[in-house]
Amino acid sequence: MSAPSPASPLLTTPLNALHLELGARMVPFAGYSMPVQYPAGLMAEHNHTRSAAGLFDVSHMGQLRLVGTDAAAAFETLMPVDVIGLGVGRQRYGLLLNDEGGIIDDLMFVNRGKDIFVIVNGACKVGDIAHIIERIGHRCQVIPMPERGLLALQGPKAAAVLSRLIPGVEKLVFMTGGEFQWNSADLFITRSGYTGEDGFEISVHESRAEEFARALLAQEEVQPVGLGARNSLRLEAGLCLYGNDIDATTTPPQAALNWAIQKVRRTGGERSGGFPGAQEILPQIDNPETLTRKRVGLIARERIPVREPAVLENMDGQHIGQITSGLLSPTLNQPIALGYVQPDYAKPGTEIFAIVRGKPVPMVVSATPFVPTNYYRG
């Protein structure tokens, strides 16, 4: 498996023909030709997901299985999270780290009992799989699943729609998963997503992906949604985009991701340390005053969109940070952003300035999510 070179043709997902039929505007993304928006437009797609159900093609993402009695313990050596203690049918957010504590990728994984099912970011999947095989391939089988498509159905009506096609799926709660069937097709479904809304991610064999997507789109509540609205939805939810808000130079404490590191892996925990970069990360958790930068949410006081990589300054015009993601929030009708600032400026309510076309735009440090989440926890 190798990444496409600049001269290579773009890869396509199993839904490529359907996207073109629906009039999608296609763009290169993570080596694939992907829909950025459909004729309805980004704003309509965003609002439809918030009010009903949006269908996203995320088949560019990487799916893999870790198989073997040592798989959980092996996988735990790569991340600062609790893998061994994760119950069957439960899903968790994980952070793949380099030896300096930087984030190679963020990912989701599920303990399926018979294996650990992992979903990684599309732009990182080739490197992620190679890294996992190199580090733990001698302890468990690492089985990529390029034959699987991945769909996300997101929004307050997602459960009603999906349970109409797959009775019983509504019993899942946030961050759980299970095996289901639809017209003899084997599906693996988790109740999770990247929008802040209730919803599901559905792994389906590539040969049945288009058929299943058409069945979902035949439901009156469902509309197709592209990458543009996926980005605005995740930013309103305060969720990081790999490559923008987190990368291999960012540690989890700098990225305000301490919540993803369970007590058992922290200083004094039963399985403290033992992951790449622990010598950097654990002291940063224990002594946050040592941090040199921290990720924060920001809301502009003026209706001027602030986008990455705008510089952030204090009232004296001193450089204190940078925007990593920013746009005009469709839900709030206000510019919102994520960025990194010096810790002295990270307290909610602090006013700083983003420099847009040479002019300072006042912004206020804000807690995230910017829009309340609607995850279904039962």
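Reading the values: rules and limits
- Within each chain, residues carry numbers counting from 1 in the order of the written sequence.
- Selection of residues for local features in this predicted model requires a pLDDT of at least 70, selection of side-chain atom pairs for listing and counting requires 80 or more, and totals for whole chains, interfaces and linings are taken over all residues.
- Note that the side-chain values use all heavy atoms of the structure and ignore hydrogens as well as water.
- Helix numbering and strand numbering both begin at the N terminus, where a helix is a DSSP run of H or I of at least 4 residues and a strand a DSSP run of E of at least 2.
- Residue count minus one, scaled by 1.5 Å, sets the expected span of a helix.
- A simple rule labels every residue: compare its accessible area, found with a 1.4 Å probe on the protein chains alone, to the largest value its type can have, and call it buried under 20%, exposed over 50%, or partly exposed in between.
- Arc definition: directions from the helix axis to the C-beta atoms.
- Here the rule is simple: two strands pair whenever DSSP picks up at least two bridges between them.
- Lines fitted to C-alpha atoms define the axes here, with helix axes fitted over just the stretch in contact, and angles between the N-to-C directions of these axes take values from 0 to 180 degrees.
- Contacts between residues were defined by any pair of non-hydrogen atoms, one from each residue, lying within 4.5 Å.
- The rule for a salt bridge is simple: a side-chain nitrogen of Lys or Arg has to be within 4 Å of a carboxyl oxygen of Asp or Glu.
- Stacked, tilted and edge-to-face are the three classes applied to pairs of Phe, Tyr and Trp rings, where Trp contributes its six-membered ring and a pair requires centres within 6.5 Å; stacked means planes under 30 degrees apart, edge-to-face means over 60, and tilted covers the rest.
- Only when the NZ atom of a Lys or the CZ atom of an Arg is both within 6 Å of the ring centre and within 35 degrees of the ring normal do we say a charge sits over the ring.
- An angle below 35 degrees is read as roughly parallel, one above 145 as roughly antiparallel, one from 65 to 115 as roughly perpendicular, and any other as oblique.
- Two helices crossing with the near one rotated counterclockwise from the far one by less than a right angle form a left-handed crossing, whereas a clockwise rotation gives a right-handed crossing.
- Residue type decides the class: Asp, Glu, Lys and Arg count as charged, Ala, Val, Leu, Ile, Met, Phe, Trp, Tyr, Cys and Pro as nonpolar, and the leftover types, Gly among them, as polar.
- Definition used in this section: a nonpolar core is a set of buried Ala, Val, Leu, Ile, Met, Phe, Trp, Tyr and Cys residues joined via side-chain atoms within 4.5 Å.

The next subject is helix 4 (residues 125-136). With twelve residues, helix 4 extends 16 Å from end C-alpha to end C-alpha; this agrees with the ideal 16 Å at 1.5 Å per step. All buried positions along helix 4 are accounted for by K125, D128, I129, H131, I132 and I136. In an axial view of helix 4, the angular spread of the buried residues amounts to 160 degrees, which keeps them on one side of the axis.

This next bit is on the pairing of strand 12 (residues 199-205). Within strand 12, six of the seven residues are buried, which leaves it mostly tucked inside the rest of the structure. Where strand 9 (residues 148-154) lies against strand 12, seven bridges are found, and the strand directions are antiparallel. What sits directly across from L151, in strand 12, is I202. As defined by bridge partners, strand 11 (residues 185-190) adjoins strand 12 across four bridges and the pair is classed as antiparallel. Looking at the pairing, L187 lines up with V204 of strand 12.

Now for the sheet that holds strand 8 (residues 141-144). Taken together, the five strands give an open sheet; going across it, the order is 5-6-7-4-8, and neighbouring strands pair in antiparallel fashion. Each of the sheet's edge strands pairs with one partner strand only, and the pair in question is strand 5 (91-97) and strand 8. The average angle at which neighbouring strand axes cross in this sheet is 30 degrees, direction not considered. Both strand 4 (residues 62-67) and strand 8 contribute to a ladder of four bridges, which runs antiparallel. Paired with V67 across the two strands is Q141, which belongs to strand 8. Here helix 4 sits on the sheet in contact with strand 4, strand 5, strand 6 (103-111), strand 7 (116-120) and strand 8, set at roughly 15 degrees to strand 4.

We now examine the pattern of salt bridges. In the structure shown here, the tally under the stated rule is 18 salt bridges. Across the salt bridge formed by E21 and R214, the nearest N and O atoms sit 2.6 Å from each other. Within this pair, whereas E21 is found in helix 1 (residues 16-21), its partner R214 is found in helix 6 (residues 206-217), the two being separated by 193 residues in sequence. Its salt-bridge partner being R234, residue D245 comes within 2.9 Å of it at the nearest N-O pair. Residue D245 is found in the loop between helix 7 (227-236) and helix 8 (278-286), and its partner R234 is found in helix 7; the two are separated by eleven residues along the sequence.

All right, on to the packing of aromatic side chains then. In total, this model carries five aromatic pairs according to the counting rule given. With 5.1 Å between their ring centres and 70 degrees between their planes, W182 and F212 make a pair best called edge-to-face. You can see W182 sitting in strand 10 (residues 177-182) and its partner F212 sitting in helix 6, a full 30 residues away along the chain. Per residue, the accessibility class of W182 equals that of F212, and both read buried. A cation sits over an aromatic face here: R112 above F188, 4.7 Å from the ring centre. The cationic tip of R293 hangs over the ring face of Y340; the distance from NZ or CZ to the ring centre is 4.7 Å.

Moving on to the packing of helix 2 (residues 42-51) against helix 7. Between helix 2 and helix 7, whose axes approach to 8 Å, the crossing angle comes to 50 degrees. Between helix 2 and helix 7, the angle is such that the two are oblique. The handedness of the crossing between helix 2 and helix 7 is right-handed. Each of L42, E45, H46, T49 and R50 in helix 2 lies in contact with helix 7, whose residues at this interface are G228, A229, S232, L233 and E236. Here the residues of the contact of helix 2 with helix 7 sort into three nonpolar, four polar and three charged.

We now examine the nonpolar core. Core analysis: the biggest nonpolar cluster contains 26 residues, and L153, L162, I166, I189, F200 and F212 have the highest contact counts within it. Those elements giving two or more residues to this core turn out to be strand 3 (53-57), strand 9, helix 5 (158-165), strand 10, strand 11, strand 12 and helix 6. For this core, the element with the most residues is helix 6, which contributes five residues.

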